[in-house]
Amino acid sequence: MPRIFLTLGSINAFLCVLLGALGAHGLKHILTSEMLVVFQTAVQYHFYHALGMILVGLVLFHLPQSRTLKLSGWLMFAGIVLFSGTLYAISLTEFRGLSKIAPLGGLSYMSSWILFAYAAWKSK
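Residues numbered from 1 in each chain as written. Predicted model: local features only at pLDDT ≥ 70, side-chain atom pairs only at ≥ 80, totals over all residues. Heavy atoms only, no water.

### Re the overall build of the chain
Where we set the bar: Comment: elements are numbered from the N terminus, with helices defined as DSSP H or I runs of at least four residues and strands as E runs of at least two. Type-normalised accessible area, obtained with a 1.4 Å probe on protein chains alone, sets the label of each residue: buried when under 20%, exposed when over 50%, and partly exposed for intermediate values. Surface accessibility follows the Shrake-Rupley procedure with a 1.4 Å probe radius. Residue values consider only the protein chains on display as shielding.
Helix and strand counts for the chain come out as four helices and zero strands. The linear arrangement of helices and strands in the chain, starting from the amino end, is α-α-α-α. The principal-axis extents of the C-alpha atoms in the chain amount to approximately 50 × 25 × 15 Å. Across the 124 residues that make up the chain, the buried fraction comes to 40%. When the accessible surface of the chain is summed, it comes to about 7200 Å², and 72% of that surface belongs to carbon and sulfur atoms.

### Some thoughts on the environment of Y88
We count it as follows: Here, residues are in contact when the closest pair of their heavy atoms is within 4.5 Å.
Positionally, Y88 belongs in helix 3 (residues 67–93). Taking the relative accessible area as the measure of exposure, Y88 reaches 10% and is therefore buried. Other than its neighbours up to four places away in sequence, Y88 contacts L19, F39, A42, V43 and H46.

### Points about the packing of helix 3 against helix 4 (residues 102–122)
This is how it is decided: Comment: axis = line fitted to C-alpha atoms, over the contacting stretch for helices; angle = value between 0 and 180 degrees taken between N-to-C directions. The cut-offs work like this: below 35 degrees is roughly parallel, past 145 is roughly antiparallel, 65 to 115 is roughly perpendicular, and the gaps in between are oblique. The handedness criterion is simple: a crossing whose near helix is rotated anticlockwise from the far helix by less than a right angle is left-handed, and one whose near helix is rotated clockwise is right-handed.
Contact geometry of helix 3 with helix 4 gives a least axis separation of 7 Å together with a crossing angle of 160°. Looking at the two axes, helix 3 sits roughly antiparallel to helix 4. Read as a crossing pair, helix 3 and helix 4 show a hand that is left-handed.

### Focus: unusual backbone geometry
With a phi angle near 60°, E94 is a residue other than glycine that sits in the positive phi range. Relative to the assigned elements, E94 resides in the loop between helix 3 and helix 4.

### Re the pattern of salt bridges
Inclusion rule: Counted as salt bridges are all cases of a side-chain nitrogen of Lys or Arg within 4 Å of a carboxyl oxygen of Asp or Glu.
Following the criterion strictly, the structure yields one salt bridge and no others. A salt bridge links R96 to E34; the shortest N-O distance between them is 3.2 Å. One end of the pair, R96, is in the loop between helix 3 and helix 4; the other, E34, is in helix 2 (residues 33–60), with 62 residues separating them in the sequence. By relative accessible area, which is 45% here, E34 ends up partly exposed.

Structure, rendered in structure tokens:
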């Protein structure tokens, strides 16, 4: 399981660099300034949680039986899809109806960090 989170985290970190460069160089002349800020927010939170998944993978080497820690990693991944993915879609399409999905991703992000803290606290 650590390899899964290390791999997912690394692939997502790569995507963040790619999407960040796309936003900075390719989309800055296409998107409105408001939508560019939305895109940048998506990249920012995506990157934080890509690193979070790498952290989960590393900690799982020390706590391999922690179901709470594994759930934390999966919630980070779900948050990337639901929060950052929604913001990417909104910024590129300007379809704001998708904004109802983003809070689920935000809840996933927050839950993942609380579970991470709990897993660390209860470890022996």
